[in-house]
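Results of the structural survey
Chain by chain, the residues run as shown.
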Amino acid sequence: MSTTRRPSDGLLARVNFPLYAVDMLTSRHVLVAGGGGSSKTGVANGFEIYEIFHNGQHFCAQEIVRYETGANVVMNFAVRNEGRRALLCAGQESHCQMYFVNPRVLSDDGKEEVSIISDYKSNRDNHDVRAHENGLRNRRNTTSSVEDLPNGHTANAAEDKQPLPTVPPDQNSNMKRHLKFDIKVGNSVQSDFLPTEPLQRVVRIGPNGDIMVTGGTDGHLRVWSFPKMSLIADIKAHSKEIDDIDISPDSKYIITIAKDRLGIVWDIKTAKRHYDLNWDTPEGIKYLYKRCRYGTIETQRDQYRLFCIANPLGKVGKQRGYLQQWDCSTGTLRLAVGIDESLSSLAVRDDGRFVAIGTMFSGSVSMYIAFSLQRVLHVDNAHSMFVTGLQFLPVTNEEGPPVSSDTEAAVLSISVDNKVCIHSLQQRHTIPAWLAIILIVIVLLAAFTLCSYLGL
């Protein structure tokens, strides 16, 4: 049984450009990207970094950094956090551009301290407006793109009522510390070679941080060493453009899906085809895989599941998409749930417990239990246009404590309507196992006593 959105959920932030990609930069910072393209429309291209926190009543967002990428729209990206810095690989037209995201902790007297993301807890004072030659701007709240909202999601209100806790001072200093991010441009490689209008559609970094994979309009799966970005393998994987790629948690397999209706799992070590995804489509309708994600299994950390969303190909009238769960050992379809709409985005929480989907036409967001695909949350019309990206707030992140809240799960959603929204699942009350056993014993004893009394 699904529930609807909590009244305190909804819009976290609004930027001034369409959003296409979202990911967690740290356990508390979210990175969103997009833009209006190279045409002279006046719409910016770039990144925004927000810090997410919960003030005891609802989630709030504070803008930390805005970084503009000039004429290059950011359609996709992947993040690798290395503790003292993060590496960001962004798809910009036919190229994959690397950025170095360096956090710095400043004390109140302006002196820089050694910064490690994993021991950072920010406050929101003294975010000075400062322009840089590379397009980076650190902003005060007064210039933040977080809007004043009726439900209290305001940067200023959040500061006045309950600011984020500051970094505790060390034994030798009573000064507070503040977070800054420096973004620097790194190397760039061409990742798509279609003769006309080449475009990188997706990039992923392996869980071990040693490889990067890209896919785009030329249908090639390219495997790169990381972070050097030197080409390791170039596989003609599909006859049409690749829509999505993911790497298994054990870094042994890569799945690619494309507009040729194929879903293929590749062996990373041999660079050869492992198996194809095949299923009996309803009523013989042709379906097109749209997104794919691996997810770990909570009780078996060395095993994982594969999730996909699929939409009918060229069907006129009411669309019916599917959320699918696949057995990774055999490549067979285990579960499938039909949704009365075409689907656009997919996310799996870092512990593998929940899956979220976004829809194409109504801009709705739903959350499911991963092992059973039972829907537990549905937010209708979360966005005014299709959902371009989803990202769960992490619960097992190693880069620091996750955002603490009174919710069981929370997922961020973005869209080309320029909005960053959040949707949370309330804690579901369940009976502990020991109490369930006691109740069963009581019921059995009562039934036995009743039968003895009646002489049965």
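Everything below is about the structure printed above this text.
Described in the following lines is the structure provided in the data block. (Residues numbered from 1 in each chain as written. Predicted model: local features only at pLDDT ≥ 70, side-chain atom pairs only at ≥ 80, totals over all residues. Heavy atoms only, no water.)

**Regarding unusual backbone geometry**
A negative phi angle characterises most non-glycine residues, just as the trans form characterises most peptide bonds. Omega for the peptide link from phenylalanine 226 to proline 227 comes to 10°, which places this bond in the cis form. Of note, proline 227 is situated in the loop between strand 15 (220-225) and strand 16 (231-236). The phi dihedral of glutamate 197 is positive, around 50°, even though this residue is not glycine. You can see glutamate 197 is positioned in the loop between strand 12 (177-190) and strand 13 (200-205). For glutamate 197, a relative accessible area of 71% translates into the label exposed. (Helix = DSSP H or I, 4+ residues; strand = E, 2+ residues; numbered from the N terminus. Buried < 20%, exposed > 50% of the residue type's maximum accessible area, 1.4 Å probe, protein only.)

**A look at the sheet that holds strand 27 (residues 365-369)**
Strand order in the open sheet formed by four strands is 25-26-27-28, and the pairing between neighbours is antiparallel. Only two strands of the sheet have a single neighbouring strand rather than two, namely strand 25 (343-348) and strand 28 (375-379). The average angle at which neighbouring strand axes cross in this sheet is 15°, direction not considered. The pairing of strand 25 with strand 26 (residues 354-359) spans five bridges and is classified as antiparallel. Along strand 26, the bridge assignment pairs leucine 346 with isoleucine 357. (Pairing = 2+ DSSP bridges. Axes fitted to C-alpha atoms, helices over the stretch in contact; angles between N-to-C directions.)

**Examining the sheet that holds strand 31 (residues 419-426)**
Strand order across the open sheet formed by four strands is 1-31-30-29, with antiparallel pairing between neighbours. Every other strand in the sheet has two partners, leaving strand 1 (10-14) and strand 29 (387-392) as the edge strands with one partner each. The average angle at which neighbouring strand axes cross in this sheet is 25°, direction not considered. Judged from the seven bridges that link them, strand 30 (residues 407-415) and strand 31 form a sheet pairing that is antiparallel. Within strand 31, the position partnered with valine 411 by the bridge is histidine 423.

**Here's the deal with the environment of glycine 215**
Mapped onto the fold, glycine 215 is located in strand 14 (residues 211-216). C-alpha of glycine 215 to C-alpha of alanine 258: the two residues are 43 residues apart in sequence and 9.4 Å apart in space. Those residues in contact with glycine 215 that lie beyond four places of it in its chain are Gln200, Arg201, Val202, His220, Ile242 and Ile245. (Contact = heavy atoms within 4.5 Å.)

**A word on the pattern of salt bridges**
Applying the stated criterion across every chain, the model contains 18 salt bridges. A salt bridge links glutamate 48 to arginine 66; the shortest N-O distance between them is 2.7 Å. Residue glutamate 48 is found in strand 4 (residues 45-54), and its partner arginine 66 is found in strand 5 (residues 59-68); the two are separated by 18 residues along the sequence. Both residues of the pair, glutamate 48 and arginine 66, count as buried. Between lysine 259 and aspartate 243 there is a salt bridge, with the nearest N and O atoms lying 2.6 Å from each other. Placement of the pair is lysine 259 in the loop between strand 18 (253-258) and strand 19 (263-267) and aspartate 243 in strand 17 (residues 242-247), with a sequence separation of 16 residues. What you see here is one network of salt bridges that share partners, running through Arg201, Glu241, Asp243 and Lys259. (Salt bridge = Lys/Arg side-chain N within 4 Å of Asp/Glu carboxyl O.)

**Description of the layout of surface pockets**
Approximately 240 Å³ is the volume attributed to the second largest pocket. Forming the walls of the second largest pocket are 13 residues, and the residues nearest its centre are Gln303, Tyr304, Asp327, Cys328 and Ser329. Elements supplying a minimum of two residues to the lining of the second largest pocket: strand 22 (300-312) and strand 23 (321-327). Grouping the constituent residues of the lining of the second largest pocket by class yields five nonpolar, four polar and four charged. (1 Å grid on protein atoms, 1.4 Å probe; cavity = no way out; pocket = protein on both sides within 12 Å on 5 of 7 lines; lining within 4 Å. Points joined across faces, edges and corners; volume = space filled by probe spheres on them. Nonpolar A, V, L, I, M, F, W, Y, C, P; charged D, E, K, R; others polar.)

**Observations concerning the packing of aromatic side chains**
For the structure on display, the rule yields nine aromatic pairs. For the ring pair phenylalanine 47 and tyrosine 99, a centre distance of 5.4 Å and an interplane angle of 80° mean the geometry is edge-to-face. Of this pair, phenylalanine 47 sits in strand 4 while tyrosine 99 sits in strand 8 (residues 95-107); the two residues are 52 residues apart in sequence, bridging distant segments of the chain. Here phenylalanine 47 and tyrosine 99 have matching classes, each one buried. Look at tyrosine 289 and tryptophan 326: their rings are 6.4 Å apart centre to centre, the planes differ by 65°, and that puts the pair in the edge-to-face class. Of this pair, tyrosine 289 sits in strand 21 (residues 287-297) while tryptophan 326 sits in strand 23, placing them 37 residues apart in sequence. Note on accessibility: tyrosine 289 and tryptophan 326 belong to one class, buried. An aromatic cluster is defined as three or more aromatic residues linked by ring pairs; in this entry it consists of Phe47, Tyr67, Phe77 and Tyr99. (Phe/Tyr/Trp six-rings, centres within 6.5 Å; stacked < 30°, edge-to-face > 60°.)

Honestly, it's all geometry; don't read function into it.
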